[in-house]
Amino acid sequence: MKKELRNVIFLYLSFVLVKILLSYFIPSSRALSDDYQYLKMSESFFYHFSLRVHDTFSGQLYPLYPIMISVVHVFKDNNLVYFAIKFINSLLSSLIIFPAYFLSKEFLSKKNSFLAAIFVSLLPANFLLTSYIMAENLFYSLFSISFYFIYMLFKYRTLKYYILSFLFSFLALFTRIHGMILFMLLLVFLILEFRDKKFYFRYIFSIFLFLIISILFFYYTRNVLSNLYINQLIAIIESKRIFAFFVKYIAYLGFLLLASGLILMLPFFISFLNKDKNVKLFRRLSVLTIFITLIISSLHALHSVNYFYSFNDIVITAGRIIGRYVDFTLPIFVILGFIGLDFYFKNKISNILLKKITFLIFIIMSFTLTIIFSPLVPYNNISLTSFGAVKYFTD
């Protein structure tokens, strides 16, 4: 175990070093207005213990990331400030290798677990974030760490994983709104706990803690939840956008399949053939996470008034794909893909079944083609840059 941990730490430090060097020597453009807001929020927190931008509300509700980078303002030189932020981003974003490895090790050999963890760390969504002052540098790692502890909680049901699951889910929730997905998983666990009175006192405590956090969260984000999600869901049900919602949902699924690497598309679906008890638990949690994530992201996409295409008053497709709203689930896709690869090489799978899976992928990709109807802003869809890199090297 000590040797394993040393190897993972070595890989972590290697990724940190490479990211720092790349971000230092290769200039990059700034991200969207979020980039500026996070910078100013951190500056305001450092000097005034406030998260306002130019003495006004910034629009960013989640304070953890700007608080963590606020220490960089001890430097007076802006060049040093930016470099220090990139250094912190390198440390934070590279942390994803730990949950990727230890979660993979639950189902794969040590060698394959290392390969899966490296693959996750090299995904553009995780590897190319360093130069941007964005909460995703922190959130992607926190989400994966939280998901790992939630899986262990479902598997072992021990107090240690109770505490760690709630702690890291809470941190993720105060980094990005999508952290609420983790609490939905915890809610499922609490419902299952209700059926098992062996954990009665722990259950009462968990319910109390869950309710307190939920009330605070919904009160704090009530306007965002109402405008972006609840009202949008009601509008979709009452209007002719339900088909557009379905198209966007499938398009997001195809986007994730593309972003997780072409070679893992088929293995991802093959992993559903694995009947191992632990794999089935992981798969159920993964499917539930992906299902909720795609609903939230599709609702957010349809909130945009641009890029609507209709036929006979029925909206066919609407809104635009924003990959960074779903990219935090990519480690799940990758690990399931590696599980599928492992299963494929150890078991005989009929050609007829492989053809059926290939046809399913073709259907999903057909819907995914709708992403061409709206611009793919580079930072928002950084997870697809690997295709641009391949094109660059092949030209």
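Located above this text is the structure these notes cover.
Just so it is clear, the model here is predicted, and its values are computed rather than measured.

Draft legend 1. How the structure looks around a nonpolar patch on the surface. Residues L17, V18, L21, L22, Y24, F25, I26, F83 and F87 make up a contiguous nonpolar surface patch of roughly 870 Å² in combined accessible area. Looking at the nonpolar patch, the elements with two or more residues in it are helix 1 (2-25) and helix 4 (78-94). With six residues, helix 1 is the largest single contributor of residues to the nonpolar patch. In this structure L22 comes out as partly exposed when scored by relative accessible area, which is 35%.

Draft legend 2. Representation of unusual backbone geometry within the structure. Although it is not a glycine, F49 adopts a positive phi angle of roughly 55°. Structurally, F49 can be placed in the loop between helix 2 (33-48) and helix 3 (64-69). Residue classification places F49 among the exposed positions, given a relative accessible area of 68%.

Draft legend 3. Structural view of the pattern of salt bridges. Summed over all chains, the structure comprises seven salt bridges. Between K40 and E43 there is a salt bridge, with the nearest N and O atoms lying 3.2 Å from each other. Within this pair, K40 and its partner E43 are both found in helix 2, separated by three residues, close to a single helical turn. Across the salt bridge formed by D342 and K346, the nearest N and O atoms sit 3.3 Å from each other. With D342 and K346 both in helix 16 (residues 330-346), this residue pair falls four residues apart, about one helical turn. Given the relative accessible area of 19%, D342 is considered buried.

Draft legend 4. Just the packing of helix 5 (residues 97-104) against helix 8 (residues 136-156), in detail. At a minimum axis separation of 8 Å, helix 5 and helix 8 run at an interaxial angle of 25°. Of the possible angle classes, the one that applies to helix 5 and helix 8 is roughly parallel. Crossing angle aside, the handedness with which helix 5 passes helix 8 is left-handed. For the pair helix 5 and helix 8, contact is made by P99, F102 and L103 and by S144, I145, F147, Y148 and Y151, respectively.

Draft legend 5. Fine view of the packing of aromatic side chains. In this structure the tally under the stated criterion is 29 aromatic pairs. On the basis of an interplanar angle of 55° and a centroid distance of 5.4 Å, the ring pair of Y148 and F149 is categorised as tilted. Neither residue differs from the other here; Y148 and F149 are each classed as buried. Centroid distance F268 to F269: 5.1 Å. Interplanar angle 85°. Geometry classified as edge-to-face.

Draft legend 6. How the structure looks around empty space enclosed by the protein. For the structure on display, the rule yields one cavity of 30 Å³ or more. Lining the largest cavity we find P99, A100, L103, F143, S144, F147, F328, P331, I332 and I335. Breaking the lining of the largest cavity down by element, the ones donating at least two residues are helix 5, helix 8 and helix 16.

Draft legend 7. Spotlight on helix 9 (residues 159-173). An ideal rise of 1.5 Å per residue puts 21 Å on 15 residues; helix 9 measures up with 21 Å between its terminal C-alpha atoms. When helix 9 is considered as a whole, its buried residues turn out to be Y161, Y162, S165, F166, F168, S169, A172 and L173.

Draft legend 8. Highlighting helix 2. A rise of 1.5 Å per residue sets the reference length of helix 2, with its 16 residues, at 22 Å; its end C-alpha atoms lie 22 Å apart and thus fit the reference within 8%. For helix 2, the complete set of buried residues consists of D34, D35, Q37, Y38, L39, M41, S42, S44 and F45. Among the structural elements, helix 3 and helix 4 are those in contact with the buried residues of helix 2. Looking one or two places after helix 2, you find F49, whose phi comes out positive at around 55°.

Draft legend 9. Seen up close, the environment of P378. By secondary structure assignment, the location of P378 is in the loop between helix 17 (351-368) and helix 18 (385-394). When its relative accessible area of 62% is taken as the criterion, P378 is described as exposed. C-alpha of P378 to C-alpha of I322: the two residues are 56 residues apart in sequence and 9.8 Å apart in space.

Draft legend 10. Seen up close, the nonpolar core. Formed by 122 residues in total, the largest nonpolar core has its most connected members in Y65, F107 and F282. Of all the elements, helix 8 adds the most residues to this core, at 14 residues.

Draft legend 11. Quick peek at the side chain of N89. Residue placement: N89 occurs in helix 4. With a relative accessible area of 0%, N89 lands in the buried category. Here Y65 takes part through its side chain, which lies 2.8 Å from a polar atom of the side chain of N89.

Quick notes on the rules
Residues numbered from 1 in each chain as written. Predicted model: local features only at pLDDT ≥ 70, side-chain atom pairs only at ≥ 80, totals over all residues. Heavy atoms only, no water. Patch = residues over 30% accessible without salt bridge, like charges linked within 9 Å, V, L, I, M, F, W, Y side chains within 5 Å. Areas by Shrake-Rupley, 256 points an atom, 1.4 Å probe, with all protein chains shown as cover. Salt bridge = Lys/Arg side-chain N within 4 Å of Asp/Glu carboxyl O. Helix = DSSP H or I, 4+ residues; strand = E, 2+ residues; numbered from the N terminus. Buried < 20%, exposed > 50% of the residue type's maximum accessible area, 1.4 Å probe, protein only. Axes fitted to C-alpha atoms, helices over the stretch in contact; angles between N-to-C directions. Parallel < 35°, antiparallel > 145°, perpendicular 65-115°, else oblique. Left-handed = near helix turned anticlockwise from the far one by under 90°. Contact = heavy atoms within 4.5 Å. Phe/Tyr/Trp six-rings, centres within 6.5 Å; stacked < 30°, edge-to-face > 60°. 1 Å grid on protein atoms, 1.4 Å probe; cavity = no way out; pocket = protein on both sides within 12 Å on 5 of 7 lines; lining within 4 Å. Points joined across faces, edges and corners; volume = space filled by probe spheres on them. Expected span 1.5 Å × (residues − 1). Core = buried A, V, L, I, M, F, W, Y, C linked by side-chain atoms within 4.5 Å. Polar contact = N/O pair within 3.5 Å; in protein donor to acceptor, adjacent residues only side chain to side chain.

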